[in-house]
Every structure is written in C-alpha cells, then in structure tokens.
Amino acid sequence: MSKAALWGTVIILLIIVGVGAFYAGMMMSGGQGGGAAGGAGGQGTAQNMTWTPPAKIKAAWIYVGPIGDFGWSYMHDQGRKIVAELYKDWLETTYVESVSEDKLPQTIDNLVSKGYNVIFTTSFEFMDKTIEKGAEYPNIIFFHCSGYKRRPNVGTYFADLYQVYYLNGLIAGALTKTGHIGYVAAYTIPEVVRHINAFSIGAKEVGEQLGKNIKVYVLELGAWFNPDKARASAETLWSQYDVDVLAYTEDSTAILQLAEEKTEAYMNGTADHPLYVFSHYSPGWIYGKHAVVSGQIVHWEVIYEDILAKIKAGIYTPYNLKNVDYWYLLDSGAVDLGAWIFNNGTVMRINPEIAPILKNITVTDKLTGKKMSVYDLVMERYEMMKSAKMSTPLELPAGMHNLIAQKPSIKVDGRTIQIASGFDPFTGPLSGYMKDNPSQKVTVPAGKRLNHDDLWSMQWFVDWVTYLGRGG
Amino acid sequence: MEFPISMLIVRRVKPLPYWVVPVLALAIGILVAIIILYGISGGQISPWDVLVSIGQGFLQPHLLAMTFILLSIVGVGLLVSFKGAIWNIGGEGQIYMGAMITVWVVLFSPIAMMPGLLGAFTMKITYLILAVILGGFWAFLSALPRAFLNLDEVPITLMMNYIAYYIVDILVRGPWHERKYGYLRTPTIPENSWFRTMVIRSNGHIFATTLSIELLIILIVVFIVAWFLLKYTTIGLYIKVLGNNPNLLRSSGINVKLIILLALTISGAIIGIVGAGYVAGITHNLSYPVEEKSAQYGYTGILVAWLSMLELIAVPVAAYIIAALYNAGINMQILGAGGAAVVNVFIGSILITYTALIMISEYKVRFIIKRRRG
C-alpha cells in the first residue's frame, strides 16, 4: 500500500472530522453564549417574525420522476414553466428531477445554499423530509404536494381529480358493451381508491339505467411509473376480464398506446370489442385518436400562480403557512375534463369521433328526472361542479374543507345560496367493503355527503369494484 | 500481408506511483464526459457548467457526508469478503435486513411498547447490534451453500437480495403499514432513535449538513476493526490466502469451509450496519415497494470496493469520489445543465473511463514495428 493513498485518506477523514468538530464547537459556544440563538428553532423564529418578501424570488421544484414521464412530473414542470414566464420580472426557477426520498435532504440543502428561498416538493413520499427540513430552515418557504403534514413554513397543496373521474365514469357506463370496466392503479392509496370509486359510481349511474351489470376490475401496479407493467396489466384486463373501457393512474402513455392498438384492431374487424380509455393527468388524445374518449387534465400552474403571487405580496410568509392547504377541485380550474388541449387553448372535452355515440344514448338525470343524452348529462354535471365558485375559498385553508360537504348550500333571507356544487358523486346511499378486510362492510346513508377527511382516508371500495391484487 | 506494426500489452515492471493513476483516470474521465455531453446535446451543455458542477460537487463535503459514510461502510464490508475472492453481491439484502430489524426495534418490539425503558443511546446500540447480527445472518445463509455445496456465491447472494426485499415488502404492506391514512409505509420512527444530521445556527445563518457524527464514529470504528482483522488476525490472514490460493489453505489442514462462512458473515455483519444507518439517518421509515425506493448502496458499494483496488485504505477515497460525482449531478441539474438522464450519462462516462484506466494501469502498451525479412 502506497503512502500517497494513505495520506489521501487520512486527509479526507481529517477534513471531515475537522469540519464536524468546528461546527460542533460553534454549536456549543452558541448554546452557552445566547441560549436563544442556539436553542430551538421555534424560539429563534419567534424573535424575528417580521419578514419582507425577497426582491427576487428563487423557486425550486423537486420532482420524484423524470419530467419526460408525460404524467405527474411533466405536468408539474409545465406549471413551473408557465409561472416562470408569467412572473419572469421577479421569479427565477430551477428544478431537480428523479430525486429519491433518501436524496431529498441533500438536494434541499444544496438548493438553500444556492439561495433558493421557495421550494416545492412534489411527491407524497417527500412529506416527512420536507417537514424535517422545514424545521431546519425556518426562514425558507416550502410547499409540499399531496401530503397532510404542515408547519409554519410548510404549506400543502393538491389538485383533486375525483370529480373528473366521476364524469369519465358516466361516459364509461354508456360506452361499455360487456359491462366490464377496468382500472389500472399505481397504488391503492386513499387518493387512488377515491378515484376508482368516483369512476365506478359514475359508470354504475349510467350503466344501470341501460340494463348493464357494471363491474369494475382493479389491478394494482406497485409503481407510479412503469410502462411495461401498465401495459401488461391493461392487456390482462382486456383479454381475461372482457374489459372494454379502461381508466388508470400511471404516469406513462403505455396504456393509451395499447388501447389504440386494440381499438384499431376492432375497427379492422380483427377484435370483437374496442378498448376505450381515459387519459390520465396530461392530455393524451394524440396517443390514441380512436381510443381516447376523454380524460383528466391538471393545471398545476393555477396553484403555483396563486402561491407565488401571495408570497411576493407578503401574504404568505415562513410563519403563517400552518393552515395553508390547497385542495383544489373542478371549480378552481386546477383540474379539468378533457382529452386534448389545442395550441390556441381550446379543450377537446370528448373525442369528436365518440361524442355522437354518447349523444344517441338517452338516460334520466337522477337529480331532476329529466330525460337527456349521456353527452348532455356529462356536460350538465361538469357545469354544476365547475361553476361552484363559492367553493374555491373553502378549498384553501386546512380545517375549512369539510364545510363544503357540511354546507353545500345555506339559506339567507329566504333565498338558497349555493356554496358548493349541488351535486357530488360521494353522496349516499353507497355501500362498500374495506380494502384490507372485505368482510367488513361500509355504508353511507342516503343523503349524506362525504367530506374532505372521509375522502382523504378512504380505504374502502364500492361493492361493484373487484380488487384483483397486483398485476403486471 | 502481415501488418507491419503489432501492439503488445505488457505488465509494468515498475508500477506507476499510486496517486498518478486515480488522478489521471479521473481527469480523463471528466474530460470524456464533457466531450460526450457536449456532443449529445449539440453544444447545449457548456463544459464550463459541467466543470463548475464537478468542482462544487467535490467541495461540498457537508452535503455528501451521508452518502460518503454509508458507501464507505458498505465498501469496507464488501472488501472483507472480496479479499477472500468471495464475491458478496448481496449487500442490498444485508442492508435491508439491518433496516428491517431497526424498524422493528424502534416501532414494534417489546422495547418500543415501553417508551422510556431504554434511553436513546441504549436504543441505538440495541438496534445496531441486532442489525449486525441480522446482516451477518443473512450473509451466512448465502455462505452455507457456498461452503458445503460449493455453489457459486454470486447468484446466491444476488437472489437473497430479492428475498430480503420481498420480506420487507410483506411487512410494510401488511402488519407494519401506518393505519391512519393507509399509505404503504411504516410510521415514522421516533425522533430519539434518529441519527441526527448536524445543523449549525449562528447569527441567523443556518448551515445544514448531511453529516451525522454518530455515523462518522461508526465508520471509523468499522474501519479500524476491518483493518485490524485483515492485518493482525489469523482469520484475516486465512481470508487473504483463500483469495490467492485456496489449495494452500486446504493442504495446510485449515477448515476452508469455516473461513468461507466467516468471510461472508463478517462482510454481511458490517453491511447490516448500513441498513440501520439508512433508516435511522435518512429515511426514518420504510416504504413499499422497497426494491424501487432503495438507494442501492449495496450495489454502488461493489463499485467502491473495486475502485479501491481492494485496498482498505483507498475505500474512503473511492467512496468520496462516487459520493462527489452524485453530488455533482445534483449541482448540474440545479444549474440547468441537464436533467437526470444527462446526469446519468455524465456519472456513467466518468466512472467507466475511470474504472477502465485504473484496471489497465498495471499494464503498458508497446508498439513493435516489424521489419520484413529479405
């Protein structure tokens, strides 16, 4: 063994020990000297609660996947680019992609050391680390997407798709011929369970009226991004369960492409039924011009625009985010129904090739008893949920979300004031079973509307959902 | 017609000074990476940005400390078995066994049921010892077929990784997952069982590091133990002889099976510590599916051991280089020099050039011009 390598090692170890000892020393002396300075972060911040927004806001986004996934991370990055352009006079942005949970602390430290003062962490699994880092950096503003833990300098936000899945479900119930509908789920966590149920409720509402025995088959992937498994699972549902309409939660376009192949085969007469699909997260019509019926679209920029404007205006500070929890629904504009967005901004809500089928199927609106086409029913419900503008402010502060379900409308001077949408898919009567213990039944009494907390901890499926376990 | 020049690769009689090769190999690797990135991006990725990222990457010991420490421990652990030509590819499994027992101790064991029974220090010692035992046990299981059936340990240790992953998956999906929201992860482990990373606050400045003093001390202890084992004990000697000439051991009447069992078990025991460090120092929980969440230190550690040329003293150097390159990758992204894919190309091309050059450093190339007879 040569001396040089030995010395190299020794020097590196010495540097690290030295650095460590130096800072340990600083901590000790700080503790003895002031007490407050070296003390708990809470005390330290309490003394300098005055905060002026920085002249230049440097915001960083941390993504769990690659932005090329065309799903979750891609749409967050679209949001980032839009606000970066809108606020370019005072906003500087960057991003780090494909960050795993264990690399998050190092990434945040690096960003802070480069002067970034607003940090968005955009994955559920970043929750605990974001809170820990928030405690270490009480003067940096953090926003964590999809979690439920907050701090004075860590807010949360989420754009919820369940209403859109319900609308997709209405269409699915009309389109299916076999009555068998598929759902490929990344994980069966509460968020996805809520989407599966909303989709299934929609499908049954229309399908039942048309005399179909609606069954929804769910396969779980165990990954947010796994094109191969997603494709294999969709194939299984199509070939073994006679599924002819499919929705999913996965961040690639694999399922759209598979559905297009199957639907083209049907159109050429080589398959006995098509496979219609609803694109997830980003507009996906381009990947399946015959198979993509509609889909869920997210507009994170709606939330990012609001957060950054409020930081710039001094409304959000590192000391008052404890109750900031965006839970944005259709009325907020953060989510939308559609298969494609054209360059001029117009949205294709339903694929024009398939829309005529929906216009020719007549059903009864269970709210009014009116007869109308499925197409009109979808649009009516969409408008109802979309136009509930008084709901939006309640979708921002933590602790107020439940008001939406508690007081969808109030009476003032004898007039009915509509607060939330007059309709919500999660309104009783509903019955289901616990995901982990199917013998345990769950019932929602007629007229009861589930609130935010019920939805965010949802661990049960409606009765006509069959959970097939992990596929792929 | 015969080609008039022939190339001959010969072993160097006098090896180059040790430091020349790594430094040169790294420099050439960086150069190659810069050229490749410049090429594939059509000139978009500026060599200057890449150099700045690398410079920052190496000069941020406070950010790469955690990766450096954990990779060093894995490297040291692997070295013990590699010295005996026992190729332990099962670092991942041994890490996850250590991680599993750590989570069990702090959340689900009888100790966890009675908070305050053990102080933070005793708690940490308890799960560290159990992580050592379980990591060692896991490697021991792979060592049995190697010692008694003479089966190749490479596929066995590798397959044991997946068994370990899936055991942990079953626990995290099943009895261990947090109940309140139903997410497929264990609850967060209590704060007093964490290896805290250092944060310095002075005059309103906050300087956070990924350095845990406790883990650094563990690394130093592990390093000294491994050094002592390999240098001053008979077991260490036998392991080294096993690597060079197992027949010699056999003919001198030494129980080769026992040495194989010991080499792998000690290796796994050391690596088991990393599992405890990973959970208690970084993630503070385990989440499903672990095979996708894993930082894969068990595999990266193999690279560390190889780059050290199986010299114990060079393991931390190799670990530092790799930790610094990953750190440089983060810097590159923040600087806007490229996304994760570009970073992978960058790290990959540096490491492959570096590895290739290190390996051929013992040889030199000689060109011989042949004269025609006539």
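Residues numbered from 1 in each chain as written. Chains lettered and ligands numbered in written order. Predicted model: local features only at pLDDT ≥ 70, side-chain atom pairs only at ≥ 80, totals over all residues.

Engineer: Help me out: how do you make sense of the overall build of chain B in this one?
Structural biologist: Counting its regular elements, chain B contains 15 helices and four strands. Its C-alpha radius of gyration of 23 Å places chain B within 12% of the 21 Å reference for a compact globule of 374 residues. The principal-axis extent of the C-alpha atoms belonging to chain B is close to 95 × 65 × 35 Å. Considering chain B as a whole, with its 374 residues, one finds that 48% of them fall into the buried category. Considering only contacts within chain B whose residues lie at least 6 apart along the sequence, 79% involve residues at least 24 apart. (Helix = DSSP H or I, 4+ residues; strand = E, 2+ residues; numbered from the N terminus. Rg over C-alpha atoms; globule rule 2.2 N^0.38 Å. Buried ≥ 20, exposed ≤ 12 C-beta atoms within 10 Å, placed from the backbone. Contact = placed C-beta atoms within 7 Å.)

Engineer: Explain the pairing of strand S5 (residues 154–159) of chain A to me, please; I cannot follow it from the model alone.
Structural biologist: For a regular strand, the rule is simple: side chains alternate between the two faces of the sheet. All names here are of chain A. Within S5, six of the six residues are buried, leaving the element largely enclosed by the surrounding structure. Because side chains alternate across S5, one face comprises the buried residues Val154, Thr156 and Phe158, and the other comprises Gly155, Tyr157 and Ala159, equally buried. Of the pairings in the sheet, the one linking strand S4 (residues 141–145) to S5 comprises four bridges and is parallel in character. Looking at the pairing, His144 lines up with Thr156 of S5. (Pairing = 2+ DSSP bridges.)

Engineer: It is not clear to me how the domain arrangement of chain A should be interpreted in this structure. Could you clarify?
Structural biologist: Where interface size is quoted, it is often the accessible area lost as the parts come together. Residue and element names in this part refer to chain A. For chain A, the assigned domains are domain 1 (57–159 + 301–330) and domain 2 (162–297 + 332–387 + 449–470). Computed from C-alpha coordinates alone, the two centres of domain 1 and domain 2 are separated by 30 Å. Listed by partner, the interface residues are 15 residues for domain 1 and 18 residues for domain 2. Counting residues per element, the ones that place at least two in the side of domain 1 that touches domain 2 are helix H3 (72–86), helix H10 (300–312) and strand S11 (325–328). Per-element tally for the side of domain 1 that touches domain 2: the top contributor is H3, with three residues. (Domains from an automatic or database assignment.)

Engineer: Is there a simple way to think about the sheet that holds strand S20 (residues 441–444) of chain A in this case?
Structural biologist: In any sheet, the strands associate via hydrogen bonds between backbone groups, in a parallel or an antiparallel arrangement. Residues and elements named next belong to chain A. Strands sit in the order S20-S19-S21 across an open sheet of three strands; the sheet is antiparallel. Strands at the two margins of the open sheet, each flanked by one partner only, are S20 and strand S21 (460–462). Shown here is a sheet whose adjacent strand axes are inclined to one another by a mean of 35 degrees, direction ignored. Pairing analysis gives three bridges linking strand S19 (residues 430–434) to S21, with the strands arranged antiparallel. Residue pairing for S21: Gly432 is matched across the bridge by Val462. (Axes fitted to C-alpha atoms, helices over the stretch in contact; angles between N-to-C directions.)

Engineer: What am I meant to see in the nonpolar core here?
Structural biologist: All names here are of chain A. Formed by 137 residues in total, the largest nonpolar core has its most connected members in Leu246, Ile255 and Val277. The leading source of residues in this core is helix H6 (residues 162–175), at ten residues. Here this core spans two domains, since at least three of its residues come from each of domain 1 (57–159 + 301–330) and domain 2 (162–297 + 332–387 + 449–470). Apart from the residues within four sequence positions on either side, Val277 is in contact with Leu246, Ile255, Leu256, Ala259, Gly288, Ala291, Val292 and Val293. (Core = buried A, V, L, I, M, F, W, Y, C linked by C-beta atoms within 7 Å.)

Engineer: Before we go on, may I ask you to explain unusual backbone geometry in this structure?
Structural biologist: Along the chain, Gly428 of chain A connects to Pro429 of chain A via a cis peptide bond; the corresponding omega equals 5 degrees. By the element assignment, Pro429 of chain A lies in the loop between strand S18 (415–418) and S19. Between Tyr288 of chain B and the following residue, Pro289 of chain B, the backbone shows a cis peptide bond with an omega angle of -10 degrees. Within the element layout of this structure, Pro289 of chain B appears in the loop between helix H11 (256–283) and helix H12 (290–293). Although it is not a glycine, Ser98 of chain A adopts a positive phi angle of roughly 50 degrees. Relative to the helices and strands, Ser98 of chain A is located in the loop between strand S2 (91–96) and helix H4 (104–113). With 21 C-beta atoms packed within 10 Å, Ser98 of chain A lands in the buried category. Even without being a glycine, Ala85 of chain B presents a positive backbone phi close to 55 degrees. You can see Ala85 of chain B is positioned in the loop between helix H3 (61–82) and helix H4 (91–108).

Engineer: Even after reading the chapter, I still don't get the sheet that holds strand S8 (residues 245–249) of chain A, so can you show me in this structure?
Structural biologist: Residue and element names in this part refer to chain A. The mixed open sheet is built from seven strands, whose spatial order is S12-S10-S9-S8-S6-S7-S22. Only two strands of the sheet have a single partner each, and these edge strands are strand S12 (335–337) and strand S22 (465–470). Shown here is a sheet whose adjacent strand axes are inclined to one another by a mean of 20 degrees, direction ignored.

Engineer: It is not clear to me how the confidence of the model for chain A should be interpreted in this structure. Could you clarify?
Structural biologist: Parts of the prediction with low pLDDT should not have their coordinates interpreted in detail. Residues at a pLDDT of 70 or more form 89% of chain A, whose mean pLDDT is 89. This model gives residues 24–47 of chain A a pLDDT under 50, and the stretch forms 24 contacts once residues within four places in sequence are excluded. (pLDDT = per-residue confidence, 0-100.)

Engineer: Is there a simple way to explain helix H5 (residues 127–136) of chain A in this structure?
Structural biologist: A turn of α-helix holds 3.6 residues, and therefore any two residues three or four places apart point the same way. Of all the positions in H5 of chain A, only Met127, Lys129, Thr130, Glu132, Lys133 and Gly134 of chain A are classed as buried. Packed against the buried residues of H5 of chain A are H4, strand S3 (118–121), S4 and S5 of chain A.

Engineer: How should the environment of Ala143 of chain B be read in this particular structure?
Structural biologist: Residues and elements named next belong to chain B. By secondary structure assignment, the location of Ala143 is in helix H6 (residues 120–148). Given 27 C-beta atoms within a 10 Å radius, Ala143 is considered buried. The sequence separation of Ala143 and Lys257 amounts to 114 residues, and the corresponding C-alpha distance is 9.0 Å. Ignoring any residue separated from it by four or fewer positions in sequence, one finds Ala143 in contact with Ile260, Leu261, Leu264 and Thr265.

Engineer: Honestly, the packing of H3 of chain B against helix H8 (residues 213–232) of chain B in this entry has me stumped. Any pointers?
Structural biologist: Axes are the key here: two packed helices are described by the angle between their axes and the distance separating the axes. Residues and elements named next belong to chain B. Across the interface, H3 lies against H8 with an axial gap of 10 Å and an inter-helix angle of 15 degrees. As far as their axial angle goes, H8 and H3 are roughly parallel. As for the relative orientation of H3 and H8, their crossing is left-handed in sense. Where H3 approaches H8, its residues Ile69, Ser72, Ile73, Val76, Leu79 and Val80 are matched on the opposing element by Leu215, Leu216, Leu219, Val222, Phe223 and Ala226. Taken together, the residues of the contact of H3 with H8 break down into eleven nonpolar, one polar and no charged. (Parallel < 35°, antiparallel > 145°, perpendicular 65-115°, else oblique. Left-handed = near helix turned anticlockwise from the far one by under 90°. Nonpolar A, V, L, I, M, F, W, Y, C, P; charged D, E, K, R; others polar.)

Engineer: Is there a simple way to think about the packing of H3 of chain B against helix H13 (residues 297–307) of chain B in this case?
Structural biologist: Residue and element names in this part refer to chain B. Close contact between H3 and H13 brings their axes to 8 Å; oriented N to C, the two are set at 65 degrees. Here H3 lies roughly perpendicular to H13, going by the angle between them. Where H3 crosses over H13, the two elements pack in a sense that is right-handed. The residues of H13 that touch H3, namely those facing Leu70, Leu71, Val74, Gly75, Leu78, Leu79 and Phe82, are Tyr297, Gly298, Thr300, Gly301, Ile302, Val304 and Ala305. In terms of residue class, the contact of H3 with H13 is made up of ten nonpolar, four polar and no charged.

Engineer: Honestly, the pairing of S19 of chain A in this entry has me stumped. Any pointers?
Structural biologist: All names here are of chain A. Note: S19 against S20, four bridges, orientation antiparallel. By the bridge assignment, Leu430 is partnered in S20 with Val444. Hairpin connection from S19 to S20: six residues lie between these consecutive antiparallel strands.

Engineer: Looking at this structure, how should I read the environment of Met100 of chain B?
Structural biologist: Mapped onto the secondary structure, Met100 of chain B falls in helix H4. In this structure, the C-alpha to C-alpha distance between Met100 of chain B and Gly42 of chain B, residues 58 residues apart in sequence, is 47 Å.

Engineer: Is there a simple way to explain the confidence of the model for chain B in this structure?
Structural biologist: For chain B, the average pLDDT comes to 89, and 96% of its residues sit at 70 or higher. For this predicted complex, the interface score ipTM comes out at 0.88, while the overall pTM is 0.88.

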